[in-house]
2 protein chains.
Amino acid sequence: MKTYRNLARDKWPQLTKRPTSNTENLVQLAKQVFTDVDREGDRALRKYTKQFDNVELGSIRISQKEIEDQAQKLDSKTKTAIDIAYRNIYEFHAKQLTSLESPVAVQSGVVCWREIRPIDRVGLYVPGGSAPLVSTVLMLGVPAKIAGSRQVILATPPDKNGTISPAICYAALKVGITNIVRIGGMQAIAAMTLGTESVLAVDKLFGPGNQYVMAAKQYAERYGVASDMPAGPSEVLVVADQSAYPEFVAADLLSQAEHGPDSQVVLLTTNQTTATDIQKEIECQLATLPRKDIAIKALVNSFCIIFDDISTAIDFANSYAPEHIILSIRRARSTSKRINNAGSVFLGNYSPESAGDYASGTNHTLPTNGWARSFSGLSVESFVRRMTFQKLTKPGLKKLGTAIKTLAETEGLDAHKRAITIRFQKDKEK
Amino acid sequence: MKTYRNLARDKWPQLTKRPTSNTENLVQLAKQVFTDVDREGDRALRKYTKQFDNVELGSIRISQKEIEDQAQKLDSKTKTAIDIAYRNIYEFHAKQLTSLESPVAVQSGVVCWREIRPIDRVGLYVPGGSAPLVSTVLMLGVPAKIAGSRQVILATPPDKNGTISPAICYAALKVGITNIVRIGGMQAIAAMTLGTESVLAVDKLFGPGNQYVMAAKQYAERYGVASDMPAGPSEVLVVADQSAYPEFVAADLLSQAEHGPDSQVVLLTTNQTTATDIQKEIECQLATLPRKDIAIKALVNSFCIIFDDISTAIDFANSYAPEHIILSIRRARSTSKRINNAGSVFLGNYSPESAGDYASGTNHTLPTNGWARSFSGLSVESFVRRMTFQKLTKPGLKKLGTAIKTLAETEGLDAHKRAITIRFQKDKEK
């Protein structure tokens, strides 16, 4: 972990810049997969699943019975953990759309308001890999359920036997999802974009994934299908002063570093001792970490900066815009008010990122790669739209008419003006 | 205007599909413009402004004095119209972020909450063309102001003399914008993405534009800069029954058709007479329309469907997902509750689209091209993010710890688990 001391502000941009990856070549692959899935439907899905996952698929959609049978196989300890996480995530997200907006009478006879509508059809992607990402099912499924999306489909790659793990099935049932298809990768995204015999076409795609999945989600935009947010490698930034426990901070940094070799880990401290102690702890804890090789690679991209004061450290953090920020400092609460750019903020020595990743209730689908400057993390809002409505009375429109006509004239749009004048030419009543 | 009668549902997809435009070739041009602006800054902006707008630029940024001098030239009638529109738009948008969310104590010792932060730096693009788009300044500027974005820049192409119109300057001052640059097209988007000597780099881009501007906004994503929403040609769908006035509906349809030759206009009625009367009125009103040639071209892409009942018409409208929908029908209010996919809804005979385009208070920046299925129109929310926060006490984390550890184990992430266990190995107190 490279360490800088009081790094001057003009040097910040080179450290806040994320490593870029070239995805141009993936566009060609996406084009091919989408074209095949569009033409051949399920047949293409079977072909790609054989090719990429080495699995001969039977039925693509999993029957309700299979989901239930799989879910029952889950051990009770994991069931309880999922139940607790579900309850907390539900509790926190359920508060997100409670505000009912009243209609606004902007002037006499002119009333405008907004109404919330869930997105009709949503597609949740849960990546495969060495272990079932059960937390992803909860983080995507709970807000979809609260929003009230009418049709929810979950796509996830099958294991070697063509099945979906008990944990995924249990969590899916928990959030009320019964439409599960065993498809992963680009072909899963293409299928949910275009629809096939077995797969529902959706309006918006959600969920993490590798660079293939991400390229496919971007490609789906050409077909009018939206995505939750742009993605990149996961990140954590920890701000630590002398009140921090070096072993806690080291553990938090490593829990990010184990995600993948491209994860970024940033440590900001106010003194050399804290920096040194934490880095020693990292070395020490690394030794016994199962995903040590991954973590070591991630640490190569990572860095530590020692600043004179917390205030400058927070300025740097805002400039970096981390996905997660942990404040292991005195007066964490008051300092947190100065954080402008971050996905999620963890306060104090007992709020590790793991808590938010799994069970405290906040969503773990967060903007990475600097996107925290312009995106929020996933929430119930990600699954709804707000439509505007207006109702003008005849006198209301008459009163507002002059302003509308003048502005239409200024913009040279005569038919816009006429839509007003024609309504007052004859004095019809109905 | 082609007319269908009781079009079967399996024929809907071909009519709800929008004409696609191929923008692949624009990516190359965007790449060149972005590369030039990145390398040469203002010099590139001058070069492209000469090339595309045929204007030799002096200073790129407009001085405060020039803005004020220009604004003063505006006639008082237009000033009043802008004042009225501003007040209504402000009034409506100011109500959008008033709900303060309380922290949620998801369980004892675990508190989560969200806080709102404005996006730091936003770029508003106001297209040029034959007339100043003063309404765009208000529709982008008002929510930016309410959100509290710290830095707001407005880019708009210069007229032949290199100046910006009095109306734009007046509206900009009204919404508190004093950073205006006279740059249009792809080079404006590139400049606000990358920053130059005269132009502020931003976190998010807003505003309409032609296909060049749209391609540039998409290209900006590669540099980590977000955009408000994908764009396409403007659209209106009118549902009319016998209570509608044919001349009003015709005027509303034409006010959309005059936008551009690629605008789409859809009419749904419940009887032949209404359909015939409206189409006759269109013919009649077309004759005296200054932008007749544009409207005629738009009408070629447009269509009318006569359905047996309003309910089926609304199903079609939801499937089409129009940018604007006007309900010129009896019981418009109760019917509007069934509309799921639309940008903005206009109720009754005296709520023309023109009202929402200019002055009723709703935002006119709306999802087109079917994006209403997944996107909301522009609002104060478009200019903010909601960050999540969490604070766990030691007992709170201890209680939640088992669930976190179990889920981390299920996902095979050992360091995530250790971030919990390490906190309870020694019983430190601080």
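Residues numbered from 1 in each chain as written. Chains lettered and ligands numbered in written order. Predicted model: local features only at pLDDT ≥ 70, side-chain atom pairs only at ≥ 80, totals over all residues. Heavy atoms only, no water.

Asks: Even after reading the chapter, I still don't get the state of the cysteines, so can you show me in this structure?
Replies: In protein structure, a disulfide is the covalent linkage between the sulfur atoms of two cysteines. All names here are of chain A. By the definition in use, this model includes zero disulfides over all chains. The closest cysteine sulfur to the non-disulfide-bonded cysteine 284 is located on cysteine 304, 18 Å from its own sulfur. For cysteine 284, a relative accessible area of 53% corresponds to the exposed category. (Disulfide = S-S within 2.5 Å. Buried < 20%, exposed > 50% of the residue type's maximum accessible area, 1.4 Å probe, protein only.)

Asks: Help me out: how do you make sense of the side chain of threonine 136 of chain A in this one?
Replies: Looking at the secondary structure, you find threonine 136 of chain A in helix α6 (residues 134–147). Ignoring any residue separated from it by four or fewer positions in sequence, one finds threonine 136 of chain A in contact with Tyr125, Val126, Pro127, Gly141, Pro208 and His364 of chain A together with Glu411 of chain B. (Helix = DSSP H or I, 4+ residues; strand = E, 2+ residues; numbered from the N terminus. Contact = heavy atoms within 4.5 Å.)

Asks: How should the packing of aromatic side chains be read in this particular structure?
Replies: Each aromatic ring pair is specified by the distance between its two centres and by the angle formed by the two planes. Residues and elements named next belong to chain B. With the rule as written, the count across this model stands at 36 aromatic pairs over all chains. Measuring from ring centre to ring centre gives 6.3 Å for tyrosine 4 and phenylalanine 303, while their planes differ by 80°; the resulting arrangement is edge-to-face. Note that tyrosine 4 is positioned in strand β1 (residues 2–5) and phenylalanine 303 in strand β11 (residues 303–306), a separation of 299 residues in sequence. For phenylalanine 303, a relative accessible area of 3% puts it in the buried group. Each ring, one from tryptophan 113 and one from phenylalanine 389, has its centre 5.5 Å from the other, and the planes form 10°; the classification is stacked. With tryptophan 113 in strand β3 (residues 110–118) and phenylalanine 389 in strand β14 (residues 384–392), the pair connects residues that are 276 residues apart, well separated along the chain. (Phe/Tyr/Trp six-rings, centres within 6.5 Å; stacked < 30°, edge-to-face > 60°.)

Asks: What should I look at first to understand the sheet that holds strand β14 (residues 384–392) of chain A in this one?
Replies: Sheets are built from strands paired through backbone hydrogen bonds, the pairs being either parallel or antiparallel. With respect to topology, nine strands assemble into an open sheet ordered β2(A)-β3(A)-β14(A)-β13(B)-β12(B)-β9(B)-β10(B)-β11(B)-β1(B), the strand pairing being mixed. Only two strands of the sheet have a single partner each, and these edge strands are β2 (104–107) of chain A together with β1 of chain B. Strand-to-strand twist in this sheet, taken as the mean axis angle between neighbours without regard to direction, amounts to 20°. Looking at chain direction, strand β9 (residues 235–240) of chain B and strand β12 (residues 324–328) of chain B are connected through five bridges and run parallel. Bridge assignment links valine 239 of chain B to a residue of β12 of chain B, and that residue is leucine 327 of chain B. Contacts from helix α5 (residues 76–94) of chain B reach β2, β3 (110–118) and β14 of chain A within the one sheet, and its direction differs from that of β2 of chain A by about 170°. (Pairing = 2+ DSSP bridges. Axes fitted to C-alpha atoms, helices over the stretch in contact; angles between N-to-C directions.)

Asks: Would you explain the sheet that holds strand β7 (residues 204–206) of chain B in this entry?
Replies: Residue and element names in this part refer to chain B. What the five strands build is an open sheet, ordered β6-β5-β4-β7-β8; its pairing is parallel. Only two strands of the sheet have a single partner each, and these edge strands are β6 (180–181) and β8 (226–227). Bridge count between β7 and β8: two bridges; the pairing is parallel. Bridge pairing in β8 links leucine 205 to serine 227.

Asks: Is there a simple way to explain the domain arrangement of chain A in this structure?
Replies: Frequently, the measure chosen for interface size is the accessible area removed from exposure when the parts meet. Per the domain assignment, the segments of chain A are domain 1 (2–18 + 233–361), domain 2 (23–230) and domain 3 (393–429). One C-alpha centre belongs to domain 1 of chain A, the other to domain 3 of chain A; they are set 59 Å apart. (Domains from an automatic or database assignment.)

Asks: What's the story with unusual backbone geometry in this structure? I'm lost.
Replies: For residues besides glycine, phi is generally negative; the peptide bonds are generally trans as well. At asparagine 369 of chain A, a residue that is not glycine, the phi angle is positive and equals roughly 60°. Topologically, asparagine 369 of chain A is positioned in the loop between α15 (353–358) and β14. Classification of asparagine 369 of chain A as partly exposed rests on a relative accessible area of 27%. Look at asparagine 54 of chain B: it is not a glycine, yet its phi comes out positive at around 55°.

Asks: I keep staring at the side chain of arginine 423 of chain B and nothing clicks. Help me out?
Replies: Summarising the element assignment, arginine 423 of chain B is placed in the segment after α17 (414–421). Among the residues examined, arginine 423 of chain B registers a relative accessible area of 1% and is labelled buried. At 2.6 Å, the side chain of arginine 423 of chain B forms a polar contact with the backbone oxygen of asparagine 349 of chain A. Looking at arginine 423 of chain B, its side chain comes within polar contact range of the main-chain oxygen of alanine 419 of chain B, at 2.9 Å. Other than its neighbours up to four places away in sequence, arginine 423 of chain B contacts Phe248, Asp252, Asn349, Tyr350 and Pro352 of chain A together with Lys394 and Leu397 of chain B. (Polar contact = N/O pair within 3.5 Å; in protein donor to acceptor, adjacent residues only side chain to side chain.)

Asks: When you look at helix α4 (residues 64–72) of chain A in this model, what are you seeing that I'm missing?
Replies: In an α-helix, one turn spans 3.6 residues; hence positions three or four apart end up facing the same way. All names here are of chain A. Of the positions making up α4, those classed as buried are Ile67, Gln70 and Ala71. Along the long axis of α4, the arc covered by the buried residues comes to 100°, so they all point the same way. Among the exposed residues of α4, those pointing more than 90 degrees away from its buried face are Lys65 and Gln72. Along its buried surface, α4 packs onto α5 (76–94), α7 (166–174) and β6 (180–181). (Arc of directions from axis to C-beta.)

Asks: What is the right way to look at the relation of the copies chain B and chain A in this model?
Replies: Each of the two chain copies can be generated from the other by rotation about an axis followed by a shift along it. When chain B is brought onto chain A, the operation consists of a screw motion whose angular component is 180° and whose axial shift is 0.0 Å, with 0.0 Å RMSD remaining. A rotation of that kind, with that shift, is consistent with a two-fold axis. Both copies contact each other with a shared surface, as 100% of the interface residues of chain B are interface residues in chain A too. (Least-squares fit on C-alpha atoms with pLDDT ≥ 70 in both.)

Asks: Please explain the pattern of salt bridges as it appears in this structure.
Replies: Close approach of charged atoms lets side chains of opposite charge pair. Taken as a whole and assessed by the stated rule, the structure comprises 42 salt bridges over all chains. Two residues, arginine 18 of chain A and glutamate 235 of chain A, come together in a salt bridge whose shortest N-O distance is 2.7 Å. Within this pair, whereas arginine 18 of chain A is found in the loop between α1 (12–16) and α2 (24–40), its partner glutamate 235 of chain A is found in strand β9 (residues 235–240), the two being separated by 217 residues in sequence. The exposure class assigned to glutamate 235 of chain A is buried, which follows from its relative accessible area of 1%. One connected set of salt bridges, linked through shared partners, spans Glu101, Arg114 and Arg386 of chain A together with Glu381 of chain B. (Salt bridge = Lys/Arg side-chain N within 4 Å of Asp/Glu carboxyl O.)

Asks: Looking at this model, I keep getting lost on the pairing of β9 of chain B. Mind explaining?
Replies: Within a regular strand, side chains alternate between the sheet's two faces. All names here are of chain B. Along β9, six of the six residues are buried, which leaves the element largely enclosed by surrounding structure. Across the two faces of β9 the burial is the same, with Glu235, Leu237 and Val239 and Val236, Val238 and Ala240 all buried. Pairing of β9 with strand β10 (residues 264–269) involves six bridges; the strand directions are parallel. Directly across from valine 239, in β10, lies its bridge partner leucine 268.

Asks: What am I meant to see in the interface of chain B and chain A here?
Replies: Contacts between the two partners involve 129 residues from chain B, matched on the other side by 129 residues from chain A. Considering only the surface of chain B that becomes buried against chain A, Tyr350, Gln390 and Arg423 of chain B emerge as the three largest contributors, covering 7% of it. Applying the counting criterion to the chain B and chain A interface returns 10 salt bridges. The partner of arginine 333 of chain B in a salt bridge is glutamate 115 of chain A, and the shortest N-O contact between them spans 3.0 Å. If you look at where chain B meets chain A, you find 70 residue pairs in polar contact (both at pLDDT 80 or more). In the side of chain B that touches chain A, the residues fall into 55 nonpolar, 37 polar and 37 charged. Inspection of the sheet shows strand β13 (residues 344–347) of chain A paired to β14 of chain B by four bridges, in the parallel sense. Residue pairing across strands places leucine 347 of chain A opposite lysine 391 of chain B, the latter belonging to β14 of chain B. (Buried area = accessible area lost by both parts, 1.4 Å probe. Nonpolar A, V, L, I, M, F, W, Y, C, P; charged D, E, K, R; others polar.)

Asks: For this particular structure, what's the right way to read the packing of α4 of chain A against α7 of chain A?
Replies: Any two packed helices are characterised by the angle at which their axes cross and by the distance between the axes. Residue and element names in this part refer to chain A. Running from N to C, α4 and α7 cross one another at 115°; their axes reach a closest spacing of 7 Å. In terms of axis orientation, α4 runs roughly perpendicular to α7. Both α4 and α7 take part in a crossing whose hand is left-handed. For the pair α4 and α7, the contacting residues are Ile67, Glu68, Gln70 and Ala71 in the first and Pro166, Cys169, Tyr170 and Leu173 in the second. Residues that form the contact of α4 with α7 fall into these classes: six nonpolar, one polar and one charged. (Parallel < 35°, antiparallel > 145°, perpendicular 65-115°, else oblique. Left-handed = near helix turned anticlockwise from the far one by under 90°.)

Asks: Teacher, can you tell me more about the packing of helix α8 (residues 185–194) of chain B against helix α9 (residues 211–220) of chain B here?
Replies: All names here are of chain B. Where α8 contacts α9, the axes come no closer than 8 Å and their chain directions differ by 20°. One element, α8, and the other, α9, form an angle in the roughly parallel class. Where α8 crosses over α9, the two elements pack in a sense that is right-handed. From α8, Gly185, Met186, Ile189 and Thr193 reach across to α9, where they touch Tyr212, Val213, Ala215, Ala216, Lys217 and Ala220. Taken together, the residues that form the contact of α8 with α9 break down as seven nonpolar, two polar and one charged.

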